[in-house]
Amino acid sequence: FLGLELGRAFHPEVLGVLGYLFSQSATLRDASRVSERYAKLVSDLFMPHLFEEGGRAVWEQRVAPNLARLRHPGEWCLASSYTFANALTGKRWPVRHVQFQHPAPPDPGPLKEFFGVEPLFAQVSSRLELDAAVLDAKTVQADPKLYAYLARHADQLLAQQRPSDSVEHAVRRHLVAQLGVREPRQDEVARALGMSERTPQRRLKDEGLTFAGLLEDVRKQAALLYLQERRLAVYEVALMLGYSEPSTFFRAFRRWTGKTPQEYRARAA
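Some details on the pattern of salt bridges
Next, step 1: Taken as a whole and assessed by the stated rule, the structure comprises 18 salt bridges.
Next, step 2: Residue E216 pairs with R255 through a salt bridge whose shortest N-O separation is 2.9 Å. Of this pair, E216 sits in helix α11 (residues 211–226) while R255 sits in helix α13 (residues 246–257), placing them 39 residues apart in sequence.
Next, step 3: Exposure remark for E216: the relative accessible area of 31% places this residue in the partly exposed category.
Next, step 4: We classify R255 as exposed; its relative accessible area is 53%.

Structure, rendered in structure tokens:
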């Protein structure tokens with residue numbers, strides 16, 4: 001239950017200036033607006049969407065099918081959201097509903113104990129529901145002056161981001177979503193970003209990057225994550241990364257790490 005334990009110990013300051021802004025927001029609803037405005041300052045691949053629905057505050061995360069089998073991201077996402085909501089408001093809010101996109105673990109007991117309700121699994125999304133009152137509950141340590149200072153700093157960081165930075169981030173997100181579905185193609189990525197085929201290629205080149213290089217790096221990072229999930233066979237990891245033959249994945253992994261996937265998994269135990 002790595003994701004659950006990391007979520008239990010979550011502290012927003014690990015997100016840098018964005019995390020400090022969260023902590024200094026007057027309410028959780030304000031913190032949600034901070035997330036929407038400044039999400040580009042961090043990788044938001046596993047960050048949930050917070051909204052109000054039917055008298056409930058809802059944190060929801062939906063990942064690509066190739067990621068849905070992994071427990072750690074979904075459990076971290078909802079556990080850290082719950083930890084943060086309670087810490088921000090100084091109150092432990094009863095969970096009304098919790099569900100996960102990944103299949104049920106062998107023993108769901110620790111999740112039931114943490115959230116206080118019976119979780120559902122293999123759902124269309126990972127979802128946490130609390131009473132909507134949590135959204136407007138006053139935070140315990142908000143400082144308006146400090147918040148204003150941090151917001152100005154975050155605005156400066158956003159202004160310093162170059163177009164190529166956001167293009168690289170967007171390309172990476174698209175590649176992650178396509179892994180295991182079909183071989184990502186550069187022209188498809190360009191269309192998804194609303195650009196001509198040459199535009200992302202040119203901007204990546206300006207940063208010393210290539211589409212093929214980004215694809216390989218995304219596969220490497222995903223492989224290191226997938227191999228931590230021991231219920232996945234190595235050949236399944238290869239398929240999830242979009243390799244038609246496990247041998248191709250083995251060669252690539254040895255090139256990245258100097259180890260076979262099995263050796264890496266054994267040493268990470």
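Text resumes after the structure shown.
Some thoughts on the packing of α11 against α13
Next, step 1: The interhelical angle for the contact between α11 and α13, taken along N-to-C directions, is 90°, at an axis separation of 11 Å. With respect to α13, the axis of α11 lies roughly perpendicular. Facing α11, whose interface residues are E216, R219, K220, A223 and L224, α13 presents F249, F253, R255, W256 and T257.
Next, step 2: Class assignment for the residues of the contact of α11 with α13 results in 5 nonpolar, 1 polar and 4 charged.

Details of empty space enclosed by the protein
Unoccupied space between atoms shows up once a probe the size of one water molecule is rolled over them.
Next, step 1: Here the structure, examined in full by the defined rule, presents 2 cavities of 30 Å³ or more.
Next, step 2: Along the walls of the largest cavity sit Q61, V63, L67, A68, L70, P73, G74, Q101, H102 and S126, which together make up its complete lining.
Next, step 3: Within the residue set of the lining of the largest cavity, elements represented by two or more residues are α4 (65–68) and α5 (71–89).
Next, step 4: Approximately 40 Å³ is the volume found for the second largest cavity.
Next, step 5: Mapped onto the lining of the second largest cavity, the elements with two or more residues apiece are α9 (186–192) and α10 (198–206).
Next, step 6: If you tally residues by element for the lining of the second largest cavity, the top one is α10, at 3 residues.
Next, step 7: For the lining of the second largest cavity, the residue count by class is 5 nonpolar, 2 polar and no charged.

Considering the environment of L120
Next, step 1: Along the chain, the position of L120 falls in the loop between α6 (109–115) and β4 (126–131).
Next, step 2: Sequence spacing of L120 and H97 is 23 residues, and the spatial spacing of their C-alpha atoms is 8.7 Å.

Concerning α11
Next, step 1: Over its 16 residues, α11 extends 22 Å from the first C-alpha to the last, a length consistent with the 22 Å expected when each residue adds 1.5 Å.
Next, step 2: Within α11, burial applies to F211, L214, L215, V218, R219, A222, A223, L224 and Y226.

A few points about the nonpolar core
Generally speaking, a soluble globular protein has its nonpolar side chains buried in company with each other.
Next, step 1: Within the largest apolar cluster, 37 residues are counted, with the highest numbers of intra-cluster contacts made by L28, W59, L78, F115, L128, L130 and V134.
Next, step 2: If one sorts the elements of this core by residue count, α5 sits on top with 7 residues.
Next, step 3: Excluding its chain neighbours within four sequence positions, the residues that come into contact with F115 are L78, A79, Y82, V95, V98, F100 and L128.
Next, step 4: Counting residues in each nonpolar core, the second largest holds 31 residues, with V176, L214, V218 and W256 among its members.

Quick word on the sheet that holds β4
Next, step 1: Reading across from one edge, β1-β2-β4-β3 is the order of the 4 strands in this open sheet, with antiparallel pairing throughout. At either end of the open sheet lies a strand with only one pairing partner, and these are β1 (49–53) and β3 (97–99). Neighbour-to-neighbour, the strand axes of the sheet open up by a mean angle of 20°, direction not taken into account.
Next, step 2: Contacting β2 (56–61), β3 and β4, α5 runs over the sheet at an angle of about 15° to β4.

Things to note about the pairing of β2
Next, step 1: Most of β2 sits out of view: 5 of its 6 residues are buried.
Next, step 2: The pairing of β1 with β2 spans 5 bridges and is antiparallel. Bridge pairing links E52 to A57 in β2.
Next, step 3: Hairpin connection between β1 and β2: a loop of 2 residues separates the two successive antiparallel strands, and G54 in this loop has a positive phi of roughly 55°.
Next, step 4: Note: β2 against β4, 6 bridges, orientation antiparallel. Each residue of the ladder has a partner; that of W59, found in β4, is L128.

A short note on the packing of aromatic side chains
Next, step 1: Inspection of the entire model under this criterion finds 12 aromatic pairs.
Next, step 2: Aromatic side chains F100 and F121 sit 5.7 Å apart centroid to centroid with 20° between the ring planes, which places their arrangement in the stacked category. Taken as a pair, F100 in the loop between β3 and α6 and F121 in the loop between α6 and β4 lie far apart in primary sequence, 21 residues in all. In this pair, the class of F100 matches that of F121, namely buried.
Next, step 3: On the numbers, 6.2 Å between centres and 65° between planes, the contact of F253 with W256 is edge-to-face. Residue F253 and its partner W256 are both found in helix α13; the two are separated by 3 residues, about one turn of the helix. Each of the two residues, F253 as well as W256, counts as buried.
Next, step 4: Across the ring face of W93, the terminal group of K91 is positioned such that the distance to the ring centre comes to 4.0 Å.
Next, step 5: The side chain of R219 reaches across the aromatic face of Y243, ending 4.5 Å from its centre.

Parameters and conventions
Residues numbered from 1 in each chain as written. Predicted model: local features only at pLDDT ≥ 70, side-chain atom pairs only at ≥ 80, totals over all residues. Heavy atoms only, no water. Salt bridge = Lys/Arg side-chain N within 4 Å of Asp/Glu carboxyl O. Helix = DSSP H or I, 4+ residues; strand = E, 2+ residues; numbered from the N terminus. Buried < 20%, exposed > 50% of the residue type's maximum accessible area, 1.4 Å probe, protein only. Axes fitted to C-alpha atoms, helices over the stretch in contact; angles between N-to-C directions. Parallel < 35°, antiparallel > 145°, perpendicular 65-115°, else oblique. Contact = heavy atoms within 4.5 Å. Nonpolar A, V, L, I, M, F, W, Y, C, P; charged D, E, K, R; others polar. 1 Å grid on protein atoms, 1.4 Å probe; cavity = no way out; pocket = protein on both sides within 12 Å on 5 of 7 lines; lining within 4 Å. Points joined across faces, edges and corners; volume = space filled by probe spheres on them. Expected span 1.5 Å × (residues − 1). Core = buried A, V, L, I, M, F, W, Y, C linked by side-chain atoms within 4.5 Å. Pairing = 2+ DSSP bridges. Phe/Tyr/Trp six-rings, centres within 6.5 Å; stacked < 30°, edge-to-face > 60°. Lys NZ or Arg CZ within 6 Å of the ring centre and 35° of its normal.

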